[in-house]
Amino acid sequence: MSTEAFIELNQVGKKYPTEVFAGVKNVTALIPKGKVVAIVGESGSGKSTLLKLIYGLLSPDEGIVSFKGKPVLGPDEKLIPGHDSMKMVTQDFSLNTYAKVYDNVASMLPNTNLKYKEEKSWEIMKFLRIDHLFNKRVSDLSGGEQQRVAIARAIITEPEVLLMDEPFSQVDTPLKTHLRADIKRLSHDLGITVILVSHDPVDGLSLADEIIVLNKGEVVETGSPEQLYNHPQYAYTSRLLADCNLLTKDEAKKLGLKSEKNMLAIYPEWVELKWSWSSKNFILIDSFFKGVHEELLLEKDGVKIRALNKNIGSFKKGASVAVVLEKFLEFAD
Ligand code: ADP
Ligand code: MG
């Protein structure tokens, strides 16, 4: 196999004309073929801008975006904006809501081969489990079903790359599991490279092969979900990917943790709870039932931390709880 990058971003910058910085800057990244890549970051961090630059809906001011070694043409250089080998599913789905599901999907193909058009439409509808809805109007479908129609429309022309902007934002939690599985199948079964954007990185963690973390338009770090979750290089990443306890050096000291670094992060599941009394104990301020576990809010010397407790109800509010903090992450800032 060739080692040539599939999608390559080299020092890419795009600035929108505003007083504060808006856009992306100095983005260098490689996106491998056939993988699911998640671009994550706070709202306004430049995720959608980056997606549009990859697709060619925007031209970079600086640097270059290339696909299979050739520069991606911007909107001024192309009659129909967007790379021919890519498709993008946006948050609004862009469906014809008055038309039936079958027609929404089939209309993406030309009439030059009607037999192929019909067969392919059914194949794609089956793949996305919307074949039973073929005769329904899109306006009568649920959000999750509409999303699958939008994906069907995008992949029926067999693009090499599927770009998805916030695909999980309009889907209820139970349907998210199905959507994640569908997106994985696109990449694993059909070989489509999927680049998705999410402001909720939990979606990216459970789905992506690779995550690109953006902050204020710049790439903070990239890596596999496991790498970034367990060994983030920056506090921003740990805060984004996990609902962790972030402590300043002073706060950490009050909890008996010694560190030369300025910030420490402790994931709630790393906090060990013990039943024993000591003057070093924490006080249980509050507890939040989460189903399989509860989250405890503990305090010591004015410093609060959250911990997971699997033995729900084992500590009462106001109780003195012994806490073992052995595992933590350290950051320079
Ligand atoms: P995200 O998708 O991560 O929320 P965006 O890529 O949409 O972020 O936006 C990044 C930054 O650029 C934000 O500060 C946003 O306000 C700004 N921005 C996005 N689109 C435009 C535009 N067309 N004109 C001016 N500023 C924009
Ligand atoms: Mg966006």
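Reading the values: rules and limits
Residues numbered from 1 in each chain as written. Chains lettered and ligands numbered in written order. Predicted model: local features only at pLDDT ≥ 70, side-chain atom pairs only at ≥ 80, totals over all residues. Heavy atoms only, no water. Pairing = 2+ DSSP bridges. Helix = DSSP H or I, 4+ residues; strand = E, 2+ residues; numbered from the N terminus. Axes fitted to C-alpha atoms, helices over the stretch in contact; angles between N-to-C directions. Contact = heavy atoms within 4.5 Å. Salt bridge = Lys/Arg side-chain N within 4 Å of Asp/Glu carboxyl O. Buried < 20%, exposed > 50% of the residue type's maximum accessible area, 1.4 Å probe, protein only. Lys, Arg positive; Asp, Glu negative; His and termini not counted. Domains from an automatic or database assignment. Buried area = accessible area lost by both parts, 1.4 Å probe. Polar contact = N/O pair within 3.5 Å; in protein donor to acceptor, adjacent residues only side chain to side chain. Nonpolar A, V, L, I, M, F, W, Y, C, P; charged D, E, K, R; others polar. Phe/Tyr/Trp six-rings, centres within 6.5 Å; stacked < 30°, edge-to-face > 60°. Lys NZ or Arg CZ within 6 Å of the ring centre and 35° of its normal.

Asker: Just to check I follow, could you spell out the sheet that holds strand E6 (residues 86–89) for this structure?
Answerer: Backbone hydrogen bonds are what pair the strands of a sheet, in a parallel or an antiparallel way. A sheet is described by the order of its strands in space; here 6 strands give the open sequence E6-E7-E8-E3-E9-E10, paired in mixed fashion. Both outer strands of the open sheet, E6 and strand E10 (218–223), are each paired with one neighbouring strand and no more. Looking at each pair of strands side by side, their axes are set apart by 20 degrees on average, direction ignored. Pairing geometry for E6 and strand E7 (residues 161–165), over 4 bridges, is parallel. If you follow Met86 over to E7, its bridge partner there is Val161. In the packing of helix H5 (residues 173–190) onto the sheet, contacts are made with strand E3 (36–41), E7 and strand E8 (193–198), and the angle to E8 comes to roughly 150 degrees.

Asker: Before we go on, may I ask you to explain the sheet that holds strand E15 (residues 294–300) in this structure?
Answerer: If you trace the 5 strands from one edge of the open sheet to the other, you get E13-E17-E14-E15-E16, paired in antiparallel fashion. Of all strands in the sheet, those bounded by a partner on one side alone are strand E13 (272–274) and strand E16 (303–309). Between one strand axis and the next, the sheet turns through 45 degrees on average, direction left out of account.

Asker: Before we go on, may I ask you to explain the pattern of salt bridges in this structure?
Answerer: Pairing between side chains of opposite charge can happen when the charged atoms of each approach one another. Enumeration over the complete set of coordinates arrives at 16 salt bridges. Lys115 is the salt-bridge partner of Glu119, the closest N and O atoms lying 3.1 Å from each other. Of this pair, Glu119 and Lys115 both sit in helix H3 (residues 114–127), separated by 4 residues, roughly a single helical turn. For the salt bridge of Arg306 with Glu295, the shortest nitrogen-to-oxygen distance reads 3.7 Å. Within this pair, whereas Arg306 is found in strand E16, its partner Glu295 is found in strand E15, the two being separated by 11 residues in sequence. One salt-bridge network, in which partners are shared between bridges, spans Lys176, Arg180, Asp200 and Asp203.

Asker: Looking at this structure, how should I read the side chain of Arg148?
Answerer: Note on placement: Arg148 falls in helix H4 (residues 143–155). Comment: no salt bridge for buried Arg148; closest opposite-charge side chain is Asp182, at 4.4 Å. Sequence-distant contacts of Arg148, defined by excluding residues within four places in its chain, comprise Leu128, Arg129, Ile130 and Asp182.

Asker: Could you clarify how one ought to interpret the domain arrangement of the protein in this entry?
Answerer: Note on interface size: it is often stated as the accessible area lost on association of the parts. Domain assignment breaks the protein into domain 1 (7–235) and domain 2 (244–331). Placing the centre of domain 1 and that of domain 2 at their C-alpha centroids yields a distance of 39 Å. Contacts between domain 1 and domain 2 engage 6 residues on the former and 5 residues on the latter. Of the roughly 510 Å² buried between domain 1 and domain 2 on both sides combined, carbon and sulfur atoms contribute 62%. Contact with domain 2 buries area across many residues of domain 1, yet Tyr229, Pro232 and Ala235 alone supply 77% of it, more than any other trio. The interface formed by domain 1 and domain 2 contains 2 residue pairs in polar contact (both at pLDDT 80 or more). Of the residues in the side of domain 1 that touches domain 2, the class split is 4 nonpolar, 2 polar and no charged.

Asker: I keep staring at the pairing of strand E1 (residues 7–15) and nothing clicks. Help me out?
Answerer: Moving residue by residue along a regular strand, the side chains alternate between the two faces of the sheet. One ladder, built from 5 bridges, connects E1 with strand E4 (residues 62–67); its direction is antiparallel. Note on E4: the bridge partner recorded for Ile7 is Phe67. With 6 bridges joining them, E1 and strand E2 (residues 23–31) adopt antiparallel strand pairing. Along E2, the bridge assignment pairs Ile7 with Ile31.

Asker: Would you mind going over the packing of aromatic side chains with me for this structure?
Answerer: Describing an aromatic ring pair means giving the distance of the ring centres and the angle of the ring planes. Applying the stated rule across the entire model yields 5 aromatic pairs. Note on Phe6 and Phe67: the rings are 5.1 Å apart at their centroids and 70 degrees apart in plane angle, and the pair reads as edge-to-face. Taken together, the positions of Phe6 in the segment before E1 and Phe67 in strand E4 put the pair 61 residues apart, joining distant regions of the chain. Assessed through its relative accessible area of 7%, Phe6 is described here as buried. Both rings, one in Tyr102 and one in Trp122, keep their centres 5.9 Å apart while their planes meet at 40 degrees; by these two values the pair is tilted. Separated by 20 residues along the polypeptide, Tyr102 in helix H2 (residues 101–106) and Trp122 in helix H3 bring together distant segments of the chain. Counting every residue linked through ring pairs, the aromatic cluster contains Tyr102, Trp122 and Phe134. Its guanidinium or amino end placed over the ring of Phe21, Lys25 lies 4.2 Å from that ring's centre, counting from NZ or CZ. Lying across the ring of Phe127, Arg185 places its NZ or CZ 4.3 Å from the centre.

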